[in-house]
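Examining the three-dimensional arrangement
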Amino acid sequence: MNYQYWHPKMETLPRADLEAWQLARLKDTAAYALRTPFYKERLTRAGIREADDIKSLEDLKRIPFTTKHDLRDAFPYGMLSVPRDEVIRLHASSGTTGTPTTIYFNREDIRRWSGFVARCIYGTGCNKSDVFQNMITYGLFTGGLGFHAGGEEVGMLVIPSGAGNTTRQFKLMQDFGTTVVHATPSFLLHVESRMKEEGVSRDSLRLKRAFAGAEPYSEDTRRRIEELLGIDVYNSYGLSEMNGPGVAFECQAKNGLHLWEDGYIAEIIDPETLEPVPEGETGELVLTILCREATPILRYRTRDISGFSTGPCPCGRTHRRIRRITGRTDDMLIINGVNLFPSQIEEVIMGIKEAGNNYLIVVEKDGSLDRLTVKTEIGPDIFMDDSRPLNALREKIRKTLQASITINPKVELHEKGALPVSEGKAKRVQDNRPKEV
Ligand code: AMP
Ligand code: ZN
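The sections below set out a description of the structure shown in this document. (Residues numbered from 1 in each chain as written. Chains lettered and ligands numbered in written order. Predicted model: local features only at pLDDT ≥ 70, side-chain atom pairs only at ≥ 80, totals over all residues. Heavy atoms only, no water.)

Examining helix H11 (residues 387–405)
The first and last C-alpha atoms of H11 sit 26 Å apart over 19 residues, in line with the 27 Å expected at 1.5 Å per residue. Burial in H11 covers these residues: Leu390, Leu393, Ile397, Leu401 and Ile405. Buried residues in H11, looked at end-on, bunch into an arc of 65°, giving them a common side. Within H11, the exposed residues directed more than 90 degrees away from the buried face are Arg388, Lys399 and Ala403. Buried residues belonging to H11 abut strand S16 (338–340), helix H10 (342–350), strand S17 (355–366), strand S18 (369–378) and strand S19 (410–414). Positive phi appears at Thr406, one or two residues downstream of H11, with a value of about 60°. (Helix = DSSP H or I, 4+ residues; strand = E, 2+ residues; numbered from the N terminus. Expected span 1.5 Å × (residues − 1). Buried < 20%, exposed > 50% of the residue type's maximum accessible area, 1.4 Å probe, protein only. Arc of directions from axis to C-beta. Contact = heavy atoms within 4.5 Å.)

Points about the environment of Ser56
With respect to the element layout, Ser56 can be found in the loop between helix H3 (37–45) and helix H4 (68–73). When its relative accessible area of 27% is taken as the criterion, Ser56 is described as partly exposed.

Digging into the pattern of salt bridges
This structure, assessed with the given rule, holds 40 salt bridges. Its salt-bridge partner being Asp70, residue Arg42 comes within 3.3 Å of it at the nearest N-O pair. On the criterion of sequence distance, the pair formed by Arg42 in helix H3 and Asp70 in helix H4 is long-range, its members being 28 residues apart. For Asp330, the salt bridge is made with Arg328, and the minimal N-O distance between the two is 2.9 Å. Overlapping salt bridges bring together Glu219, Asp220, Arg222, Arg223, Glu250 and Arg324 as one network. (Salt bridge = Lys/Arg side-chain N within 4 Å of Asp/Glu carboxyl O.)

Focus: the packing of H10 against H11
Interhelical geometry of H10 versus H11 gives an angle of 140° and a closest axis separation of 10 Å. Regarding the angle of H10 to H11, the classification is oblique. As for the relative orientation of H10 and H11, their crossing is right-handed in sense. Facing Gln344, Ile345, Val348 and Ile349 of H10, the residues of H11 in contact are Ile397, Thr400, Leu401, Ser404 and Ile405. Among the residues making up the contact of H10 with H11, the classes are represented as 6 nonpolar, 3 polar and no charged. (Axes fitted to C-alpha atoms, helices over the stretch in contact; angles between N-to-C directions. Parallel < 35°, antiparallel > 145°, perpendicular 65-115°, else oblique. Left-handed = near helix turned anticlockwise from the far one by under 90°. Nonpolar A, V, L, I, M, F, W, Y, C, P; charged D, E, K, R; others polar.)

Any functional reading would require information beyond the geometric quantities listed.
Here is the structure:
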């Protein structure tokens, strides 16, 4: 295999040089962090009053973990470390209380981020002759604009098609000879089944590759998409707190995702003891960003479960690989690539006075897409045999939920006492999707 590197020197930097680079960048990042009230307090307590108090990478361990909770507490500007008028973009991801976590970028941050995404894309064999259809949500979600900028950086022709609307996606693919797509794995499977229904043949397309991420999927799912579409599928991992896409990506050897260590420091911890797990074992991924000035985040608990792959990669890159993410250590659900905490649903239901107290969240597969059903009991003033108020209530719950969680759920109403009441800790989520291992 002829492996191609976007940034040959950086991607193959010897470990010692890579670690020296990390230390220098960590100090820079800490200097920015110290400008925010949140980190000033945290770092000072950890004995880091200025960047030079960090003498080695080991010193990182003195810094406490940062959680999504911390980011939400700092909303909206508490984590901003540069003057407001230096910021040129923000992205956000939703959270348990509906308060988003917001990440700010200055011009240099956007430039670096695009460089990392370009590196991922180019490493799969793409170049400027490719036509890249970005079939993922544009907007506050980082997958749209993040991949868009990376694709342009590589010099590909980028089609900002956004997610959904398969008929239009096929038309664009055929009109412009799309060779690469980016989507969630569930949307790729959905595209394949729609191809059959709409009579679009594989031969009428010029697809060669897909980047699939934003949600966990198994090696079997990857293989299935590859076989059905006759393409190469590459796993793309990222999260908005760490910019978005461009954190870790598979190379053509497809044996784990290279985590770009000149942009991030990765640790794997035991989520119970918070201690590092032995090398190669599974745990929670903790990330420190080294490539962003406007919102530095140190030792972020991603809640994503993974582990380091062992041994060198045949591609020659020196950056460590993480294994495919298998799930999370918290209760966050990912529905067709959109993050959802059960508490967001609870908040909506409890805010509607005609709704009862008991509810159940059911997630299942509908074809290859995820389907969310919210079952709630009705309140004491509504009766099952009176269809008008019942329909109105169903529609009200559906609309309010959709506005709040950006997913359109099916809503089912049930008689008081009809939903199971669990003894002890309520079990409000039934995730009936096949387990991805
Ligand atoms: P967001 O901040 O909205 O971009 O969501 C980030 C989260 O999506 C991550 O923390 C993961 O839980 C999930 N995620 C993103 N990419 C992948 C992937 N390739 N495999 C598994 N989960 C992923
Ligand atoms: Zn590799």
